[in-house]
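A structural walkthrough
So the chains spell out like this:
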Amino acid sequence: MYTAQKVVIITERVILDRVAEIIEAQGATGYTHVSAGGKGSRGKRSSNRPGVSGISANVKIEVIVGSLEMAEAIADAVAGAFFDNYSGITYVEEVQILRPHKFLRIDD
Amino acid sequence: MYTAQKVVIITERVILDRVAEIIEAQGATGYTHVSAGGKGSRGKRSSNRPGVSGISANVKIEVIVGSLEMAEAIADAVAGAFFDNYSGITYVEEVQILRPHKFLRIDD
Amino acid sequence: MYTAQKVVIITERVILDRVAEIIEAQGATGYTHVSAGGKGSRGKRSSNRPGVSGISANVKIEVIVGSLEMAEAIADAVAGAFFDNYSGITYVEEVQILRPHKFLRIDD
């Protein structure tokens, strides 16, 4: 098992493509995203039913990278580019990877 | 980077609003939720296709809080209120936050 | 609080049922899955809008187990069975469980 870092970005769905561009510009070659709803500190509630009739206002994006430095660079770049104008949070979690050479292969 | 705690609650979708009320009553000002399917120890399978035709029986709720005490309080309150009558699990993960003053801003 | 292990498998949706069989064959009695989109190292993008019109090519599967040995066994079995032919990653995260006797009860 090898230690890696998972960057999680939860933000508004409308900027998914632009966030993805920043993730790739930082050197990550893969990411995963899921539709999300939620409520934030400004007290406004987004879709309570992600997946229902296709409406979901937020998105949770995950990126696995090899180093904490790269994780922080991605989080910093996304927060700097968007979090003044769009709601969002970003955090990093340590994960254990079985096969480090495989951790970027998410596609279909 | 600052250490924070992520409380994860996976339970039945029908009680999402009531779980959200308990989360907010504990003092958290934001949460994120995604639709989920799955199978549990009683051997019954919920929707295998979350997002397909809008049917998804479970929900995964995440709350970022500053302290382990608050994380445990939320997990305890939710489990105490619902897990005798509804299926569910709750667990806590440590996360690293870039900007602690921002970690509650999830809305749109 | 008790320490447990969360195995995360992100792979192609078409093999969800077969991955679930392997998870159960390893002795886990419950799992959770959510629809996901993403992009991988081969540069191909799957659905950018999971939940929208029911199309989502990837799935993120989570399994909570009691030991790191079991977590690795599940990750190894899934990777061995599928990752030569299907895209996927798997990683393990440590989680804190409030009530260990409950952590398998995900059903509805």
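Since this is a predicted model, take the numbers as computed values, not measurements.

When helices and strands are tallied, chain A shows 2 helices and 4 strands. Scored against the burial criterion, the 108 residues of chain A give a buried share of 60%. Within chain A, contacts between residues separated by at least 24 positions form 76% of all contacts whose residues are at least 6 apart in sequence. Here chain A displays about 4,000 Å² of accessible surface, and carbon together with sulfur accounts for 49% of that area.

Attention now goes to the nonpolar core. Residues and elements named next belong to chain C. With 24 residues, the main nonpolar core has I9, I23, I61, V63 and I74 as its most contacted residues. Put simply, the parts of the chain that give this core at least two residues each are β1 (2-12), α1 (16-25), β3 (58-65) and α2 (68-82). Ranked by residue count, the leading element in this core is α2, at 7 residues. Setting aside its immediate chain neighbours within four residues, I74 contacts V7, I9, I23, Q26, A28, V63 and V65.

Let's shift gears to helix α1 (residues 16-25) of chain B. Residue and element names in this part refer to chain B. For α1, the complete set of buried residues consists of L16, V19, A20, I22 and I23. Buried residues of α1 fall within an arc of 160° about the axis and therefore sit on the same side. Across α1 from its buried face, at more than 90 degrees, point the exposed residues E21 and A25. Structurally, α1 contributes buried residues whose contacts are with β1 (2-12), β2 (31-39), β3 (58-65) and α2 (68-82).

Our next topic: the pairing of β1(C). All names here are of chain C. Across the 11 residues of β1, 9 count as buried, placing the element largely inside the fold. Sheet analysis places β1 next to strand β4 (residues 88-97), joined by 10 bridges and oriented antiparallel. Within β4, the position partnered with I9 by the bridge is T90. For β1 and β3, the ladder comprises 8 bridges, and the chain directions are antiparallel. When the bridges of β3 are listed, K6 appears paired with I64.

Summarising the model, chain A shows a mean pLDDT of 82, and 76% of its residues fall at 70 or more. Predicted complex, confidence summary: ipTM 0.81, pTM 0.84.

Residue and element names in this part refer to chain B. Between its terminal C-alpha atoms α2 stretches 21 Å, which fits the 21 Å expected from 15 residues at 1.5 Å a residue. Those residues of α2 not exposed but buried are A71, I74, A75, V78, A79 and F82. Here the buried residues of α2 occupy an arc of 120° about the axis, which is enough to place them on one side.

Moving on, we come to the packing of helix α1 (residues 16-25) of chain A against helix α2 (residues 68-82) of chain A. All names here are of chain A. The N-to-C vectors of α1 and α2 enclose an angle of 140°; their axes lie 9 Å apart at closest approach. α1 and α2 meet at a crossing whose hand is right-handed. Note on element contacts: α2 touches α1 through I74, A77, V78, A81 and F82, opposite R18, V19, I22 and I23. For the contact of α1 with α2, the per-class residue count stands at 8 nonpolar, no polar and 1 charged.

Below, the discussion takes up the layout of surface pockets. As a volume, the largest pocket reaches approximately 470 Å³. Residue lining of the largest pocket: 21 residues in total, with E94(A), E94(B), E93(C), E94(C) and V95(C) positioned closest to the centre. For the lining of the largest pocket, the elements supplying multiple residues, two or more each, are β4 (88-97) of chain A, β4 (88-97) of chain B together with β4 of chain C. Broken down by class, the residue content of the lining of the largest pocket amounts to 9 nonpolar, 6 polar and 6 charged.

Turning our attention to the environment of E93(C). The topology assignment puts E93(C) in strand β4. Placed 89 residues apart in sequence, E93(C) and A4(C) show a C-alpha to C-alpha distance of 8.7 Å. Excluding residues that lie within four positions of it along the chain, E93(C) makes contacts with K6(A), E93(A), E94(A), V95(A), E93(B), A4(C), Q5(C), K6(C) and V8(C). For E93(C), the side chain forms a polar contact with the side chain of K6(A), separated by 3.0 Å.

Residue and element names in this part refer to chain C. Under the counting rule described, the total for this entry stands at 3 aromatic pairs over all chains. Here the aromatic rings of F82 and Y86 are separated by 6.2 Å at their centres, their planes lie at 70°, and the arrangement is edge-to-face. Of the residues examined, Y86 reaches a relative accessible area of 22% and is grouped as partly exposed.

The rules behind the values
Residues numbered from 1 in each chain as written. Chains lettered and ligands numbered in written order. Predicted model: local features only at pLDDT ≥ 70, side-chain atom pairs only at ≥ 80, totals over all residues. Heavy atoms only, no water. Helix = DSSP H or I, 4+ residues; strand = E, 2+ residues; numbered from the N terminus. Buried < 20%, exposed > 50% of the residue type's maximum accessible area, 1.4 Å probe, protein only. Contact = heavy atoms within 4.5 Å. Areas by Shrake-Rupley, 256 points an atom, 1.4 Å probe, with all protein chains shown as cover. Core = buried A, V, L, I, M, F, W, Y, C linked by side-chain atoms within 4.5 Å. Arc of directions from axis to C-beta. Pairing = 2+ DSSP bridges. pLDDT = per-residue confidence, 0-100. Expected span 1.5 Å × (residues − 1). Axes fitted to C-alpha atoms, helices over the stretch in contact; angles between N-to-C directions. Left-handed = near helix turned anticlockwise from the far one by under 90°. Nonpolar A, V, L, I, M, F, W, Y, C, P; charged D, E, K, R; others polar. 1 Å grid on protein atoms, 1.4 Å probe; cavity = no way out; pocket = protein on both sides within 12 Å on 5 of 7 lines; lining within 4 Å. Points joined across faces, edges and corners; volume = space filled by probe spheres on them. Polar contact = N/O pair within 3.5 Å; in protein donor to acceptor, adjacent residues only side chain to side chain. Phe/Tyr/Trp six-rings, centres within 6.5 Å; stacked < 30°, edge-to-face > 60°.

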